[in-house]
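For reference, the chains in residue letters:
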Amino acid sequence: MSRLFIILRFLFLFFPIFLAAKSLQLSRGELAKEVAEINKILRDEHSQREITPPGKLSNSLLVRRVYLATAGRIPSYSEIKDIHPFNQPELKQVLIDKLLESKAYQSQMFNWWADHLRAKSYIMGQANQIGVGHLYVDWLKTQVSENVPYDEMARQVVASEGYPWKNGAVGYYLRDDGMPLENMSNTAELFLGTQLVCAQCHNHPFDKWTQMEYYQMAAHTYGMVTRMQGKTVDGIKKLAKNFKKRGNGMQMMSMSSKPDQLEKQARAFRQAVQDMLLPLQFGAHHKDRKLKLPHDYKYDDGKPHQVIQPGVIFENDNDFNSSESNDLVNQYAQWISSPNNPRFTKVVVNRIWKKIFGRGLVEPLNDWREDTEASMPKLLDHLSGLLVRLDYDLREFQRVLLNLNIFENQAFDQELESLAPYYFQAPTLQRMSAEQLWDSLLTLVVPEIDHRQPKEEEVDFLESKKTNLEKYRLKVEGMSSEELFDVVKEGRKQIVEIQEQINAINARMKKAVELDDRESLGKLKRLQNELRDNQRFALASKIMGGEFNVYSMYKNYPPKRKRKPSEEERKFPTHLRRASEQNSPANADHFLREFGQSDRDLINNSRKEASIPQVLNLMNGNLRWRLIDKHSPLAKAVIKEETLEQKIKIVYEAMLQRSPTDKEIELCKNSLPFPDLPTAPAFKDSDTPKQKAQIAQKAKKQKEYYQNRVHNELRHLAWALLNTREFSFIQ
């Protein structure tokens, strides 16, 4: 009967997954065939080199490894209970399919993509004022949720154009605003695994690439311009110049104005035009801009200041003779993402292989050279062919890799030299990434962690931003230069008045600093920011009308409103969200950054090395106290159990996905000062009902005291397990 119950529960839990798995490409039979072919390549390699693979992981640790690889976190205790026992037939395959279809998979894949595309919520320069970084991140999350193929993603970012609220992919160029050569270097490194940056100034000293080849590659996207509305600005400036020549307004004023007043008026005019067009200033479009060799070019194949024609570093069948910038960029994107490109497919195969197994078939990932050779060339070629057959579906590709036999083996825990070949008898022992560690901690602390999204008002604000920016664009582009110039003339006086108020506040702030009056300084700073916002919003409000939400076009977040946190927010503050739902990257003092999250300035710039500040963070951080907070999933599971042994067992299973040994249970009992078990209430026949009630009440309080003491000591146990290598390493 119990066996029948287990089978029925298993079918009930995973039946929806069998239906959802239709969106996965390969049938079970096709998947088995692909897996078998790769297993044979690995098996032949091991046999030829006389390598004996290690033993299999226990079922519970295999479940942990599957979750970390696909969901980016350890399983929650409720998930463990749902799939227990772990020896069910085809559990691994069914679990992999389930998780690949989950929100958790999207979360960890966003982290992977954000590291490689260097997606940042905050980017340098004025583009940050209209939230370009947030729009880029939002676009990327959409692509990940839709499982857009890798080659299509490459084409979308390289050939992107338009405004960021219409096509967030232009963030790829805006995050390198004003640095077209550096952007090309990053493109080559990301999609071709090739370091061209040294060839920007001279022929590459360690590879075959020349400075001429560098400039030929850069010529494809040098025409990508990240400033929009240039014609509108030129039109307004031309009208202003004519207006001044006719002796109207500014010229007449100059006859009776002092020089400093004239300068104020000129600044106000420039400020008005800039603020009015700021929301429409940033995007990407193709322009016929020619790239020239630098003034100090010294090689025989070109001359300084020579115009460079586009070219590529690998042979191809593409025609790059078009003079149209738009055609050049699209052809370049097609060439980069072509299956015939000798590196495009192999580089991403290598990146995903390392993501799953801890080490690439080629190391380092981002420095492929002419003499680069994979540790297992036959395997790399086969995997590249597989990815092409799968139409660059990274989810399906990972599905195949996760089902390989070597994924079930105990981790290879010997130290490897950075460039030494490894033949993959098992995944390498590796430390959790910062995102995996943070998300795993939250799995213990917060229920349903995968579905904790940003605040509703933040989501609504971003959608409102997109809608309002597009409405504003259509309105402005529907106005003539004369109409816009009239708006500037009318708004200039208001801007000057606001600026005078800001200047007066600046003087008061200076005095407050001298007096060390911090309270007044804070109030003045808030007033200054409010006036500056009014100044920036002034002309857009005139154009769109008073009811239009101008605020969303110039800000990254909705205005803060004082309100009492909900009961749910008091239990689980809103900052306790998965890494993918934090700023990208998190703030510099956040747990994620402390534990090595990439700053996303460079491609895949994360680190896994341990440090003293990390130890101090785990010892003193507030997450330590949240582990066994009475509202946490871990605490609720512990509280339900009656015996001390069972409570200890739950802590181990929730954190390490295994049961404690008898020795560990004994060690816990002896090391932690657990109180003695309370005795059951003893009633005498002579006790009155009142006395019996008092005895029962006392026994109840003793039991509560016992539970609280045990609960407090188990917090120390959870903290101790958190600090073990067994928790932070993927075995």
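Please refer to the structure placed before this passage.
Computed from a prediction, not measured in an experiment: that's the story for all the values here.

A few words now on the packing of aromatic side chains. Evaluated as defined, the whole model comprises 25 aromatic pairs. An angle of 80° between the planes, with centres 5.6 Å apart, marks the rings of Trp209 and Phe314 as edge-to-face. Here Phe314 lies in the loop between strand S2 (282-286) and helix H15 (325-336) and Trp209 lies in the loop between helix H10 (180-192) and helix H11 (211-218), a separation of 105 residues in the sequence. In this structure, Trp209 and Phe314 share a single accessibility class: buried. Here Phe591 and Phe595 contribute two aromatic rings whose centre-to-centre distance is 4.2 Å and whose plane-to-plane angle is 20°, an arrangement assigned as stacked. Side by side, Phe591 and Phe595 carry an identical accessibility label, which is buried. Taken together, the ring pairs connect Trp112, Trp113, Tyr150, Phe191, Phe344 and Tyr392 into an aromatic cluster. Over the aromatic face of Phe407 sits the side chain of Arg65, whose NZ or CZ is 5.6 Å from the ring centroid. Above the plane of the ring of Tyr222 lies Arg289, whose end atom (NZ or CZ) is 4.3 Å from the centre.

A separate point is empty space enclosed by the protein. In this structure the tally under the stated criterion is three cavities of 30 Å³ or more. For the largest cavity, the full set of lining residues is Tyr105, Met109, Trp113, Gln143, Val144, Asn147, Val148, Met153 and Leu394. Where the lining of the largest cavity is concerned, the elements lending two or more residues are helix H6 (103-117) and helix H7 (132-145). Among the residues making up the lining of the largest cavity, the classes are represented as seven nonpolar, two polar and no charged. The space that makes up the second largest cavity amounts to roughly 50 Å³.

Quick look at helix H19 (residues 434-445) now. For H19, spanning twelve residues, the distance from its first C-alpha to its last is 17 Å, which sits close to the expected 16 Å at 1.5 Å a residue. The buried count for H19 comes to twelve of twelve residues, which makes it a mostly enclosed element. Every buried residue belonging to H19 is among Ala434, Glu435, Gln436, Leu437, Trp438, Asp439, Ser440, Leu441, Leu442, Thr443, Leu444 and Val445, and all of these are buried.

What follows concerns unusual backbone geometry. For the bond running from Glu363 to Pro364, omega is -5°, close enough to zero to count as cis. Tracing the sequence through the fold places Pro364 in the loop between helix H16 (344-357) and helix H17 (377-389). In this structure, the amide linkage connecting Ser584 to the following residue, Pro585, adopts the cis form with an omega of -10°. Its location among the elements puts Pro585 in the loop between helix H24 (567-571) and helix H25 (591-594). The backbone phi angle of Asp516 is positive, close to 55°, even though this residue is not glycine. Tracing the sequence through the fold places Asp516 in the loop between helix H21 (481-515) and helix H22 (518-544).

Calculation rules
- Residues numbered from 1 in each chain as written.
- Predicted model: local features only at pLDDT ≥ 70, side-chain atom pairs only at ≥ 80, totals over all residues.
- Heavy atoms only, no water.
- Phe/Tyr/Trp six-rings, centres within 6.5 Å; stacked < 30°, edge-to-face > 60°.
- Helix = DSSP H or I, 4+ residues; strand = E, 2+ residues; numbered from the N terminus.
- Buried < 20%, exposed > 50% of the residue type's maximum accessible area, 1.4 Å probe, protein only.
- Lys NZ or Arg CZ within 6 Å of the ring centre and 35° of its normal.
- 1 Å grid on protein atoms, 1.4 Å probe; cavity = no way out; pocket = protein on both sides within 12 Å on 5 of 7 lines; lining within 4 Å.
- Points joined across faces, edges and corners; volume = space filled by probe spheres on them.
- Nonpolar A, V, L, I, M, F, W, Y, C, P; charged D, E, K, R; others polar.
- Expected span 1.5 Å × (residues − 1).

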